[in-house]
Amino acid sequence: MSTPEIVFGGTDGGALTELPAYEAIGGFAALRRARELMPDQIVEELNASNLRGRGGAFFPTGRKWSFVPKPEQVPKPHYLVVNADESEPGTFKDREIMLRVPFRFLEGCLIAARAIESKHVFVYIRGEYQREWEVLVSALEQMREAKLLGDVTVVVHRGAGAYICGEETALLESLEGKRGQPRTKPPFPAIAGLYASPTAVNNVESITTVPPIIGMGGAEYAKLGLETSTGTRVFSLSGNVERPGNYELPHGFPLRDLIYEVGGGIPGGRTLKAVIPGGSSTAILTAAEAEKVTLDYDALSQAGTMIGSAAVIVMDDRCCMVQLGVRVSQFYEHESCGKCTPCRVGTRWLTQILKRIEAGHGTHADLDLLLDVGERINGTCLCPLGDSDAIAVASYVAKFREEYLAHIEEGGCPFHGESSLEGIVAPTDVHEAHVGPAEIPRPLEVVA
């Protein structure tokens, strides 16, 4: 299955961080074409492409833009907000996009702004992405000097490292200077988003795909990938695999081929045990399921999981599934904003029960309680954060129940310290787990 690169097209494996280099491969031709089109015509091209959101929800991008009312219908400023707050465990595609093709991303921002008739673009970037921020700001300054921005203002706003701000309404709250917590919907951002004005919120990869679509035409782009999952996708491959990294491949690419052919297989002659196909918030697949499924929306949905953020995490036969549950649940417990009681309390319960089972103090009743707590979280919160924890953990128990039972019946972890996750701890436990050299004492420094 051969498909040309779209997102990383023209880079030849490198990075295009200087304006002349990007223009030399046809950069900004799509922007010039878009400026000759009416906003509705741009949306029609996106609808023809059937581009669907690359952030996890997989909602049709053109349809999302069409929900934004016209300025004459709602005479307020219109905003485009780009979610660059990439924080899903296992996901690292957006950072590479911003590092390697910052101009294509910013070109996409300007085209999207025209489509929704906006003069104001905000790029909300993860606070830890220092290098990515520097590259993006440099590219933006080069475009400003070349007078490519027109009458559009682009602001790159750095977040403070909160996973919850990847949820679009929490992101908007943070942009407004408030605590990053999700809003009640409706109203939806398209009607009342940033500053209670019409707003489109899109992911970095979605926006970066827009210029190639305008360049080749929506119908031509729709020929790539599958009919219901068109185009390419940047898959973040990590875990127990020889060649981890970001790989741009067509939708419908076999998961087995991604692991064994593209990724080089499992290191050390080990065997495949499980795969998380779309980031930590998606349900796990067993090795048997992973080896026959393809990487597209329909196939993964039928397998009981999601394509999500396209973060493929590979686990070999040494991985303890209870330890995996602990690590994942600790993440969601820590990142819960606390606004919804089921999430705030439930994620903590899940972590505590999982830790008890891993330590060998769990009972069969604990296993039932674990699933019951998850059920009480599902569908009861303003955003999917709590659901993500519950769904992920429930999938581990469903697919690897005998491993959970072994912890309970043997009074401890059956891997006896040999799990591939041993010593890999959640950020909340890093200081407690530190076993390196003691801190070197230094005299108190007095600043005059």
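Residues numbered from 1 in each chain as written. Predicted model: local features only at pLDDT ≥ 70, side-chain atom pairs only at ≥ 80, totals over all residues. Heavy atoms only, no water.

Participant: Sorry if this is basic, but what is going on with the sheet that holds strand 1 (residues 79-84) here?
Facilitator: Note on sheets: strands pair through backbone hydrogen bonds, and any given pair is parallel or antiparallel. Spatially, the 4 strands line up as an open sheet ordered 3-2-1-4, and their pairing is parallel. Each end of this open sheet is capped by a strand with a single partner; those strands are strand 3 (153-158) and strand 4 (199-203). Within this sheet the neighbouring strands show an average axis-to-axis angle of 20°, counted without direction. As paired elements, strand 1 and strand 4 share 5 bridges and run parallel to each other. Looking at the pairing, Val-81 lines up with Val-201 of strand 4. Relative to the sheet, helix 6 (residues 102-115) contacts strand 1, strand 2 (120-125) and strand 3, its axis offset from that of strand 1 by approximately 150°. (Pairing = 2+ DSSP bridges. Helix = DSSP H or I, 4+ residues; strand = E, 2+ residues; numbered from the N terminus. Axes fitted to C-alpha atoms, helices over the stretch in contact; angles between N-to-C directions. Contact = heavy atoms within 4.5 Å.)

Participant: Explain the layout of surface pockets here, please?
Facilitator: Taking a probe equal in size to a water molecule and rolling it over the atoms shows the remaining empty space. The calculated volume of the largest pocket comes to roughly 1300 Å³. Gly-55, Gly-56, Ala-57, Gly-166 and Glu-167 are, among the 48 residues lining the largest pocket, the residues nearest its centre. Mapped by element, the contributors of at least two residues to the lining of the largest pocket are helix 5 (93-100), helix 9 (189-192), strand 4 and helix 18 (385-399). Per-element tally for the lining of the largest pocket: the top contributor is strand 4, with 5 residues. Split by residue class, the lining of the largest pocket holds 19 nonpolar, 17 polar and 12 charged. Taken as a whole, the second largest pocket encloses approximately 880 Å³ of empty space. Lining of the second largest pocket is provided by 36 residues; of these, Pro-89, Gly-90, Ile-313, Arg-327 and Phe-331 occupy positions nearest its centre. (1 Å grid on protein atoms, 1.4 Å probe; cavity = no way out; pocket = protein on both sides within 12 Å on 5 of 7 lines; lining within 4 Å. Points joined across faces, edges and corners; volume = space filled by probe spheres on them. Nonpolar A, V, L, I, M, F, W, Y, C, P; charged D, E, K, R; others polar.)

Participant: Looking at this structure, I do not really get the pattern of salt bridges. What am I missing?
Facilitator: Considering all chains together, one arrives at 24 salt bridges under this definition. Put simply, Lys-185 and Glu-167 hold a salt bridge, and the shortest N to O gap is 3.7 Å. Placement of the pair is Lys-185 in the loop between helix 8 (168-175) and helix 9 and Glu-167 in the loop between strand 3 and helix 8, with a sequence separation of 18 residues. Residue classification places Lys-185 among the partly exposed positions, given a relative accessible area of 32%. Since its relative accessible area comes to 13%, Glu-167 is described here as buried. Two residues, Asp-316 and Arg-318, come together in a salt bridge whose shortest N-O distance is 2.9 Å. Connected through shared salt-bridge partners, Lys-93, Asp-94, Glu-205 and Arg-233 make up one network. (Salt bridge = Lys/Arg side-chain N within 4 Å of Asp/Glu carboxyl O. Buried < 20%, exposed > 50% of the residue type's maximum accessible area, 1.4 Å probe, protein only.)

Participant: Could you clarify how one ought to interpret the sheet that holds strand 5 (residues 232-239) in this entry?
Facilitator: Read across the sheet, 5 strands follow the order 6-5-11-8-9 without closing on themselves; strand pairing throughout is mixed. Edge positions in the sheet fall to strand 6 (245-250) and strand 9 (285-286), since each of these pairs with one other strand and no more. Across 4 bridges, the pairing between strand 8 (residues 272-276) and strand 11 (residues 311-316) is antiparallel. The residue bridging Val-275 from the neighbouring strand is Val-314, located in strand 11.

Participant: I'm lost on empty space enclosed by the protein in this one. Help?
Facilitator: What the rule picks out here adds up to 1 cavity of 30 Å³ or more. Empty space within the largest cavity amounts to approximately 60 Å³. Every residue along the wall of the largest cavity is listed here: Ile-164, Pro-182, Ser-336, Cys-337, Gly-338, Lys-339, Cys-340, Cys-343, Cys-381, Cys-383 and Leu-385. Taken together, the residues that form the lining of the largest cavity break down as 8 nonpolar, 2 polar and 1 charged.

Participant: Would you explain the packing of helix 15 (residues 321-335) against helix 19 (residues 401-410) in this entry?
Facilitator: Packed helices, taken two at a time, are described by the angle between their axes plus the distance between the axes. Between helix 15 and helix 19, the shortest axis-to-axis distance is 8 Å and the interhelical angle comes to 95°. With respect to their mutual orientation, helix 15 and helix 19 come out roughly perpendicular. On the side of helix 15, the interface is formed by Met-321, Val-322 and Gly-325, while helix 19 contributes Glu-403, Tyr-404 and His-407. In the contact of helix 15 with helix 19, the residues fall into 3 nonpolar, 2 polar and 1 charged. (Parallel < 35°, antiparallel > 145°, perpendicular 65-115°, else oblique.)

Participant: What am I meant to see in the pairing of strand 2 here?
Facilitator: As a general feature of sheets, a regular strand has side chains that alternate between the two faces. With 5 of 6 residues buried, strand 2 is to be regarded as a mostly interior element. Where strand 1 meets strand 2, 6 bridges bridge the pair, whose relative direction is parallel. Considered in strand 2, the bridge of Leu-80 is made with Val-121. Read as a crossover between parallel neighbours, the route from strand 2 over helix 7 (residues 130-145) to strand 3 is right-handed. (Right-handed = clockwise from strand over helix to strand, strands pointing away.)

Participant: I tried to follow the confidence of the model for the chain on my own but got confused; where do I start?
Facilitator: For the chain, the average pLDDT comes to 94, and 95% of its residues sit at 70 or higher. Confidence over residues 437-448 falls short of pLDDT 50; this stretch has 0 contacts with residues more than four positions distant or in other chains. (pLDDT = per-residue confidence, 0-100.)

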